[in-house]
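# Chains, contacts and geometry: an overview
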Amino acid sequence: MSTQATDMVHDEHDDHGPAKGIGRWLFSTNHKDIGTMYLVFSLVMLFIGGSMAFVVRAELFQPGLQLVEPEFFNQMITMHGLIMVFGAVMPAFVGLANWMLPMMIGAPDMALPRLNNLSFWLLPFAFTMMIGTLFMDGGGPNFGWTFYAPLSTTYAPPSVTFFIFAIHMMGASSIMGAINVIVTIMNMRAPGMTYFKMPMFCWTWLITAFLLIAVMPVLAGVVTMMLMDIHFGTAFFDAGGGGDPVLFQHVFWFFGHPEVYIMILPSFGVVSHVIPAFSRKKLFGYNSMVYAIIAIAILSFVVWAHHMFTVGMPFAGELFFMYTTMLIAIPTGVKIFNWISTMFRGSMTFETPMLYSIGFVILFTIGGLSGIMLALAPVDMVYQDTYFVVAHFHYVLVPGAIFGIFAAVYFWLPKWTGKMYDEGLAKLHFWVSFIGLNLTFFPMHFVGLAGMPRRIPDYPLQFADFNMVVSLGAFLFGASQLIFVYVLIKTLRSGEKAEQLPWDGAEGLEWTLPTPAPYHSFPTPPKVD
Amino acid sequence: MDSHEHYYIPEPSKWPIVCAVGLFFTLGGLGMILFNMTAGIDDLWGQIFFMLGAAIMVYMFTGWFGAVIEESMSNLYSDQLSVSFRKGMSWFIFSEVMFFAAFFGVLFYVRVLSVPWLAGEGDKGMAHMLWPDFTATWPLLNNPNSEQFGTPKGVIDPWHIPLINTILLVSSSVTLTLAHHALKAGKRGVIKAYMVITLLLGFTFVGLQISEYIEAYQQLDLTLSTGIYASTFFLLTGFHGAHVTIGCIMLTTMFIRILKGHFSADDHFAFEASAWYWHFVDVVWLLLFMLVYVF
């Protein structure tokens, strides 16, 4: 890898800085500015979605109905899920992709900069529309984030129409963002950077973008059929006209299962950068990691009905989806052992990004193992729709997706801002989050196995103690995110100047750029050996 | 020249945000219209927002594509960027493929699994207890709940308008390819002739499709609310028709650009992209003709 990259950034060509004022953000064609907007948007959504979880946990603090009406509780549950999935996690990853991909592959910017800005700006409008439904007659979506028909069609509040259009806008945003990512990776790599020399984050995003382009149109299709059923009398999800409500679930989960990998693959990529850097070793098995990602992506298209074991499927279908689901454990295991082997005998240090990554490996494995339990069709009959499921997917999403995002932010923040964050406070953020999230989600396994159903605002007395622990943990986890905001503000206002390579084990083109990274990353591509 | 040296990064542009605002108004207005339609209210504000949004979208499309055409004509684009455009268009078409795949998947599920189950066949034939008199046929004319979902008199005969439409669309793909070859050979007169034929075929297709819908509604009582056959029929053919219309608009734009003397024998990406789109729409039609009309 050449060092001439650093000399070339002050090349006179294209070396204009950002525009002044609000126009810099509204009309941006710069991958870093758009990435920043994505990340800030995602943080705002994290707090909005989080405060809805607060309402849920406050209501469930004690048995009985205290704070909110069950109807409003349902809306909070639904909006929490939708906002966290489409507003917090996905935009955060697109933001990271925007910031990092051009820097990692040696490009000046994303391949299609205007499209990039459009994919961002659709999101604030889409979420304005979706959150606006809460203030309409009949309230907002109350049918759970999976919006099963006929709850979301025949029995839905009238505002469901706006929910459908908001989903259309988010989907369009995701498809355009994914096209941009995939074209950037395929066409903008520096000369000499073959696919199998690409950084792992690029690999995970390449696969993620493929999944997005493949399944977001299916989501658009399923909400369009809902719209037709609601307003134009079609019978897609109505057995009275020859349709089938279960059909909704099949189409939805054909989107929904790849979607959960969309939310985790980029985290795999981040962790595959952080763990080698702080173990001061190369990633144990680069090729096996790549093939494992590809295998997971392919399998993600043939496992969707494991979300529907209790809904009524032919027996052969149950078996098929059970076995394919269990196959996923193999590539996932390859990845977990890869990270552990990378750490084995490394000279490890434990800065905040590394703490988050190790937390990721341990806690994601817990979520993965409960996933294998849920994959078994016969026992899933018992687990279905209990808090065990809630515990499972929060263990893969919170310490999976969200810890991956935190690891990435702490890891690359010095490169983005040119300033070091406060290591002490950041570690405090990690430990409070770590304790908070385990207090929140671990007891959910127990109440779930004991039979507590999800999405219900009340519960019998026997679950009272654990639920109080869960709620306290949730408040702690939520509050710990305020530390994160404080760390960010402190870094920007008074952080110490960061070195060009703040982590001595870190490798990759992004670290050859000066700190903070210049406005246009690589006007001239570096040579990669 | 190494094409990597000068990758074109556009100046800050207003079009993306204009597009986001336009889409917000269009969909928001449409949402208001539908929201109030359910309550039986005629929503003036919804219509105003919808029209405003649609106007913004038209302004955005002409402005944005106009800007891109201008940049392209001033040779700002490198070879590498034109590869980006090609890959971008290919992946966009792939996303469209998946959109139609979802509806074909629905058709498959309904025909092969759920309708026979409702009639008591197969693994989940227990569903028969819901409507014990129901028998499965395809096209499904007698719905399980015939009070809510009307009974059409029949379905569109594939060997009249649909067959003509098939011939029209396939020929239009051929004439478009001939136009493309003429463009590569630099025969401008021939391109114009083939483009006119292609456009005529395309617009005739749309017209015939509309007349087919009129026939379905007026003579066959085959409407959106007559059960699952009509649902899949209208959604598949309707989305296909919408795509043909978009394709016609794209090809019309290409025709105007050719009249203005745009495109050279080796650089005409916009034309190629429109042609790819047209062929894609053609392939979808062939599947539709076989799976929706004939079998």
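Residues numbered from 1 in each chain as written. Chains lettered and ligands numbered in written order. Predicted model: local features only at pLDDT ≥ 70, side-chain atom pairs only at ≥ 80, totals over all residues. Heavy atoms only, no water.

### A word on the overall build of chain B
Scanning chain B from N- to C-terminus turns up seven helices and zero strands. Its helices and strands in sequence order give chain B the pattern α-α-α-α-α-α-α, from N to C terminus. With respect to the three principal axes, the spread of C-alpha positions in chain B is 75 × 45 × 35 Å. Considering only residue pairs separated by 6 or more positions, chain B has 71% of its internal contacts joining residues 24 or more positions apart. (Helix = DSSP H or I, 4+ residues; strand = E, 2+ residues; numbered from the N terminus. Contact = heavy atoms within 4.5 Å.)

### Remarks on the overall build of chain A
Each helix and strand counted, chain A has 17 helices and two strands in total. Taken over the C-alpha trace, chain A has a radius of gyration of 23 Å; the compact-globule value for 529 residues is 24 Å, and the two agree within 12%. By principal-axis analysis of the C-alpha atoms, chain A measures approximately 70 × 50 × 45 Å. In chain A, buried positions account for 66% of the 529 residues. For chain A, the proportion of contacts with a sequence separation of at least 24, taken over those separated by at least 6, is 82%. Approximately 17500 Å² of chain A is accessible, and the part contributed by carbon and sulfur atoms is 71%. The centroid of the 21 positive side-chain charges in chain A is displaced by 12 Å from the centroid of its 29 negative side-chain charges. (Rg over C-alpha atoms; globule rule 2.2 N^0.38 Å. Buried < 20%, exposed > 50% of the residue type's maximum accessible area, 1.4 Å probe, protein only. Areas by Shrake-Rupley, 256 points an atom, 1.4 Å probe, with all protein chains shown as cover. Lys, Arg positive; Asp, Glu negative; His and termini not counted. Charge placed at Lys NZ, Arg CZ, Asp CG, Glu CD.)

### Observations regarding the packing of aromatic side chains
All names here are of chain A. Following the criterion strictly, the structure yields 90 aromatic pairs over all chains and no others. For the ring pair Phe 430 and Phe 434, a centre distance of 5.5 Å and an interplane angle of 35° mean the geometry is tilted. A residue pair is termed a helical-turn pair when its members lie 3 or 4 positions apart in one helix, as Phe 430 and Phe 434 do in helix H16 (residues 423-449) at four residues. Phe 434 sits in the partly exposed class, given a relative accessible area of 22%. (Phe/Tyr/Trp six-rings, centres within 6.5 Å; stacked < 30°, edge-to-face > 60°.)

### Considering the pattern of salt bridges
All names here are of chain A. Taken as a whole, this structure holds eight salt bridges over all chains when the rule is applied. Arg 280 is the partner of Asp 504 in a salt bridge, and the nearest nitrogen-oxygen pair spans 2.8 Å. In this pair, Asp 504 is assigned in the segment after strand S2 (496-497) and Arg 280 in the loop between helix H9 (265-279) and helix H10 (286-299), connecting sequence segments 224 residues apart. A residue is classified by how much of its surface remains accessible, and Asp 504, at 57% relative accessible area, is exposed. A salt bridge links Glu 507 to Lys 282; the shortest N-O distance between them is 2.7 Å. Residue Glu 507 is found in the segment after S2, and its partner Lys 282 is found in the loop between H9 and H10; the two are separated by 225 residues along the sequence. Per residue, the accessibility class of Glu 507 equals that of Lys 282, and both read exposed. (Salt bridge = Lys/Arg side-chain N within 4 Å of Asp/Glu carboxyl O.)

### Looking at the interface of chain A and chain B
Contacts between chain A and chain B engage 75 residues on the former and 69 residues on the latter. Summed over both partners, the interface of chain A with chain B buries about 6000 Å², with 76% contributed by carbon and sulfur atoms. It is A:Arg114, A:Phe125 and A:Asn187 in chain A that bury the most area against chain B; as a group they hold 11% of the surface buried on that side. Across the contact surface, chain A and chain B share one salt bridge. (Buried area = accessible area lost by both parts, 1.4 Å probe.)

### Topic: the domain arrangement of chain B
Residues and elements named next belong to chain B. As far as domains go, chain B holds domain 1 (1-77) and domain 2 (79-294). On a C-alpha basis, the centroid separation for the pair domain 1 and domain 2 is 25 Å. With seven residues of domain 1 at the interface, the matching set in domain 2 holds seven residues. Between domain 1 and domain 2, a total of about 830 Å² is buried, with carbon and sulfur atoms accounting for 65% of that surface. It is Tyr 7, Ile 69 and Tyr 77 in domain 1 that bury the most area against domain 2; as a group they hold 55% of the surface buried on that side. Where domain 1 touches domain 2, the interface holds zero salt bridges. On inspection of domain 1 and its partner domain 2, the count reaches one residue pair in polar contact (both at pLDDT 80 or more). (Domains from an automatic or database assignment. Polar contact = N/O pair within 3.5 Å; in protein donor to acceptor, adjacent residues only side chain to side chain.)

### A word on the packing of helix H6 (residues 228-259) of chain B against helix H7 (residues 269-294) of chain B
Each pair of packed helices can be summarised by the angle the axes make with each other and by the distance between the axes. Residue and element names in this part refer to chain B. Running from N to C, H6 and H7 point in directions that differ by 155°, and their axes come no closer than 9 Å. Regarding the angle of H6 to H7, the classification is roughly antiparallel. Pair H6 / H7 crosses with left-handed handedness. (Axes fitted to C-alpha atoms, helices over the stretch in contact; angles between N-to-C directions. Parallel < 35°, antiparallel > 145°, perpendicular 65-115°, else oblique. Left-handed = near helix turned anticlockwise from the far one by under 90°.)

### A look at the packing of helix H7 (residues 200-231) of chain A against helix H8 (residues 245-262) of chain A
Residues and elements named next belong to chain A. Put simply, H7 and H8 touch, their axes get as near as 9 Å, and they point 150° apart. Taken together, H7 and H8 sit at an angle that is classed as roughly antiparallel. Considering how the two elements wind past one another, H7 and H8 form a crossing that is left-handed. Residues Thr 208, Leu 211, Leu 212, Val 215, Met 216, Val 218, Leu 219, Val 222, Met 225 and Met 226 of H7 form the contact with H8, whose own contacting residues are Phe 248, Val 251, Phe 252, Phe 254, Phe 255, Pro 258, Glu 259, Tyr 261 and Ile 262. Here the contact of H7 with H8 is built from residues that sort into 17 nonpolar, one polar and one charged. (Nonpolar A, V, L, I, M, F, W, Y, C, P; charged D, E, K, R; others polar.)

### So, helix H4 (residues 161-185) of chain B
Spanning 25 residues, H4(B) covers 36 Å between terminal C-alpha atoms, matching the ideal 36 Å at 1.5 Å per step. Positive phi shows up at B:Gly186, right after H4(B), with a value of about 75°. (Expected span 1.5 Å × (residues − 1).)

### Concerning unusual backbone geometry
Residue A:Pro516 is bonded to the preceding A:Thr515 through a cis peptide linkage, with omega at -10°. Inspection of the secondary structure puts A:Pro516 in the segment after S2. B:Trp138 connects to B:Pro139 through a cis peptide bond whose omega is 5°. Examined against the element boundaries, B:Pro139 turns out to sit in the loop between helix H3 (79-118) and H4.

### Description of the environment of A:His257
Residues and elements named next belong to chain A. Here His 257 lies in helix H8. Taking the C-alpha atoms as reference points, His 257 and Val 303, separated by 46 residues in sequence, lie 7.3 Å from one another. Separated by 3.1 Å, the side chains of His 257 and His 306 make a polar contact. For His 257, the side chain forms a polar contact with the side chain of His 307, separated by 2.9 Å.

### Quick look at the nonpolar core
Residues A:Phe86, A:Phe163, A:Trp205, A:Trp339 and B:Met195 are the most contacted members of the largest nonpolar core, which totals 274 residues. Looking at which domains feed residues into this core, each of domain 1 (1-77) and domain 2 (79-294) of chain B gives three or more. If near-sequence neighbours (up to four positions away) are discounted, A:Phe86 is found in contact with A:Pro91, A:Phe127, A:Trp145, A:Ile167, A:Met170, A:Met216, A:Leu219, A:Phe255 and A:Glu259. (Core = buried A, V, L, I, M, F, W, Y, C linked by side-chain atoms within 4.5 Å.)

### Section: the confidence of the model for chain B
Taken as a whole, chain B shows an average pLDDT of 93; of its residues, 98% reach a score of 70 or greater. Mean pLDDT values for the elements of chain B range from 94 in helix H1 (residues 15-38) of chain B up to 97 in H6(B). (pLDDT = per-residue confidence, 0-100.)

### Notes on H7(B)
Under the 1.5 Å per step criterion, the end-to-end length of H7(B) is 36 Å for 26 residues, consistent within 8% with the ideal 38 Å. At B:Leu288, H7(B) is deflected by roughly 30°, the largest bend along its length. (Bend = angle between axes of the 7 residues up to and from the residue.)

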